[in-house]
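# Commentary on secondary and tertiary structure
As a plain string of letters, each chain reads:
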Amino acid sequence: MQYQSIGKNLPRVDAIAKVTGSAKFTADLKFSRELVARVVRSTEAHAWIKSIHYADALAIPGVRGVVTGQDTQALVGVCIKDQPPLARGKVRFVGEPVAVVVAETKEIALQATRKVKVTYEPLPVLLETKDAMALHAPLIHDVIPTIPGFLPKPGTNIFHHYHIQQGDVETAFSTSQLQATGIVRWPHLAHCQMEPHVTIAKWCLDDTVEIYTSAQSPFDVRHFIAEAFHLPLRKVAVATYFLGGGFGGKSDVTIEPLTVLLAKQFPGEYIRLQLDREEMFDGTVVGRGLDGEFAVAFDRQGKILGLKITYILNSGGYASYAINIVQPGGIATSGPYFVPNLQIDAYGVYTNRPPLGAYRAYGHPEAALMAEKIVEVIADHLNMDAQEVRRRNLIQPGQINSVGEIIRKDDGDIAQCMDLVIQDLNEYRENKANIPGLARGIGIGNLLKAPGMPTNGFSTAVVRFNEDATVNVMISATDMGQGLLTTITQIASEALCIPVEKIEVTAVPDTRYTPYDWQTVASRSTWMVGNAVYKASLDAIAKLKINAAAAFGQSPEDMVYDGESVYYRFDQDRRIPLRKLTLGYSFSNGRTVGMPPLGYGAYMPEMEYPDLKTGQGNVAAQWTFGCQGVVLDIDIISGVIFVRMVASALDIGKVINPKMAKSQVEGAVVMGIGGTIMEHIQYDDRGRIRNHEFTDYKIPTPEDAANIQFNTHFVETPDHAMIYGAKCLGEHPIIGIAPAILAAVHDAIGLNFHALPLTAEVVRGKILQEWHSVEQHLQKKRAAYVSTVSVL
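This one's a predicted model, so the numbers in the text were calculated from it and none came from an experiment. (Residues numbered from 1 in each chain as written. Predicted model: local features only at pLDDT ≥ 70, side-chain atom pairs only at ≥ 80, totals over all residues. Heavy atoms only, no water.)

## Quick notes on unusual backbone geometry
- Residue leucine 756 is joined to proline 757 through a cis peptide bond whose omega torsion reads 0 degrees.
- One non-glycine residue with positive phi stands out, namely histidine 136, at about 65 degrees.
- Mapped onto the elements of the fold, histidine 136 is located in the loop between helix H4 (129-132) and strand S7 (158-166).
- Residue classification places histidine 136 among the exposed residues on the basis of a relative accessible area of 74%.
- Phi angles above zero are rare outside glycine, and arginine 288 is one such case at about 55 degrees.
- Looking at where arginine 288 falls in the secondary structure, it is placed in strand S13 (residues 287-298). (Helix = DSSP H or I, 4+ residues; strand = E, 2+ residues; numbered from the N terminus. Buried < 20%, exposed > 50% of the residue type's maximum accessible area, 1.4 Å probe, protein only.)

Here it is, written out as structure tokens:
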């Protein structure tokens, strides 16, 4: 099919605003008589609050007040409302807000926080999930509210247990002669967005609330604020501007309830709470935090017969968004493979670390790490090529996945993705000579992803024709650097048959004026919002046809729209330019018929809650498959890993903007590399973060990525649920990186690693510990290489 705008490399519509600095972010907003808040944070991971003394803080000129948890009974939480905006009676992690100073300047507020003295009575600290899940472990929360669709375990620290059961797992294991087990560990990571969190709130004298915040979810913020403070939704207004990165960490409602609480104490005044870089580590949410175990039964051909998986999230002091990561993470742990007998137990567990939240790909990278580790373990046991094991177990159209959904052909062609990646890896290995002193390895990781969202997570859109026949598209999805405004412009252009230059997409979602959207998460916006915009476009076109039909005295069904005019189907010379139809149609005598063409569209795929006993059901609205491969070198002496090439092949359906899609892939790949070989939040035995600044928390820089070769392929199996066949993309290219690097390291030096990150210290330590094994592996690889060269 030939498209006018779809599939074209349209330049980013927000490029000029961003490169010139005129793009507005929340921190850029300034209000008169604005007050500034600074947080006093807990120094204990688990303790009773015995007293808070702040008289000395109040004595400082310019201090307007000090707010503590005693000033509110509000509780917030996505599904389990367990977190007060300010700790009340008890703290559950180091960094939890205990008090807030509100002052006339940031400097005064900071000075006053040092005068606030808090006395604690320490309680046992639980940092690891195994300790928190132990029998008779101290309870971090005495009561876990029970809600429909979630299964807390009362009297424990388990706030949600999602169970999947398929086939006869016990028989599969009892009759299988080949079995293996393994463990996987992934520590907490920081989101490291360029823009720290900031919220500005005003509690007006008529009990309406204005909120300006750096959030991926303005309507979710509105919902939680209204619930926490017992306000009708009409009284809460939330606006978001451009975001300097999100990665899931701004989809969670974090500092907004606290800022609104402060605003309530100072009605009629704007309160700004803006975090600094150090606070971003323990003042919002963290990511990953997996403790996983598996047992697999398989045959001598490498086919998986049965699988038992335990997927545990170290979720910190509050359930937060971790409760909604448990389910999608659990669903994906069997990977893109057919497993006839399957048992998955996914747990969300309270500990005394900072709360866990959404982090790019929402549990799927952790799941892929387990699924691909299982394949590698089978290959090791059988001395079989791991790629062959993958192929023999790939799920096929017509088979059921982990939740009982039947896989369709339009879900994607993962075999083709594998072929493209393996071809790239082989070509690199053939054309790039090994470097003396370095051990080279290649590895791949298959992936699948479904968008994690509720069964009523609608996206809606409004399309409005202006008097000059230009168009405004209003959405409430947030642009955070992913290029959303551009792709939506292209979709609207295609649907309306008009040039992109005539379309303007709203860049400032505001719950007062823009239409509903659940959240900008789960890589869903091009797919979900795109469908809503398409429907809104058709609705606007239908209104234009009604206007033209009234002018012609004919039926709207006989009107044809072509992007420039509307004409009568049976006489194309009878046509009216669009600009004469945008305020209805006016006859020569002034009589006007019709209406201004305003189109509305909504999209929500059909989903349902899973069965509580088996985890089965139509719980995932859309699947995307892909494969990623890595070529790397390891310095045997230092343990440093050098990633040389990354190949990614993703079946994302029709690519809306190839250049932007490729940029999304490369950015996600670099982020994935950082989370695999560099990044991890380090805690001491009291639960304090030791590396909450970029001096010690290392993330990839342009220098780290400069010498990496990126090969990106898109397989375009159209998704028939999307009008132009597009699927999801934003998070997917991070999913396969960690398992591919682990496989490549194993290929390079013959060692198995079960925990991330693979820092130079970790790799070097294991090389020294198992040097004899490494030496034998290297000799074997050299012999195979010499043999191959001789044959050639």
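## What to know about the domain arrangement of the chain
- Examined at the domain level, the chain breaks down into domain 1 (15-22 + 457-603), domain 2 (31-123 + 206-233 + 248-273) and domain 3 (287-452 + 610-784).
- A C-alpha centroid distance of 38 Å is found between domain 2 and domain 3.
- In this assembly, 21 residues from domain 2 lie in contact with 19 residues from domain 3.
- Both sides of the domain 2 and domain 3 interface together cover about 1,600 Å² of buried area, and 54% of this is carbon and sulfur.
- Taken together, the links from domain 2 to domain 3 amount to one salt bridge.
- Taken together, the links from domain 2 to domain 3 amount to ten residue pairs in polar contact (both at pLDDT 80 or more). (Domains from an automatic or database assignment. Contact = heavy atoms within 4.5 Å. Buried area = accessible area lost by both parts, 1.4 Å probe. Salt bridge = Lys/Arg side-chain N within 4 Å of Asp/Glu carboxyl O. Polar contact = N/O pair within 3.5 Å; in protein donor to acceptor, adjacent residues only side chain to side chain.)

## Things to note about the nonpolar core
- Ranked by internal contacts, the top residues of the largest apolar core, which has 168 residues, are Ile749 and Leu758.
- Lining this core are residues from two domains, each supplying at least three of them: domain 2 (31-123 + 206-233 + 248-273) and domain 3 (287-452 + 610-784).
- Ignoring sequence-local partners within four residues, the contact set of leucine 758 consists of Ile641, Thr676, Ile677, Ile741, Leu742, Val745, Phe753 and Val763.
- Leu484, Ala492, Ile498 and Tyr561 belong to the second largest nonpolar core, which has 58 residues in total. (Core = buried A, V, L, I, M, F, W, Y, C linked by side-chain atoms within 4.5 Å.)

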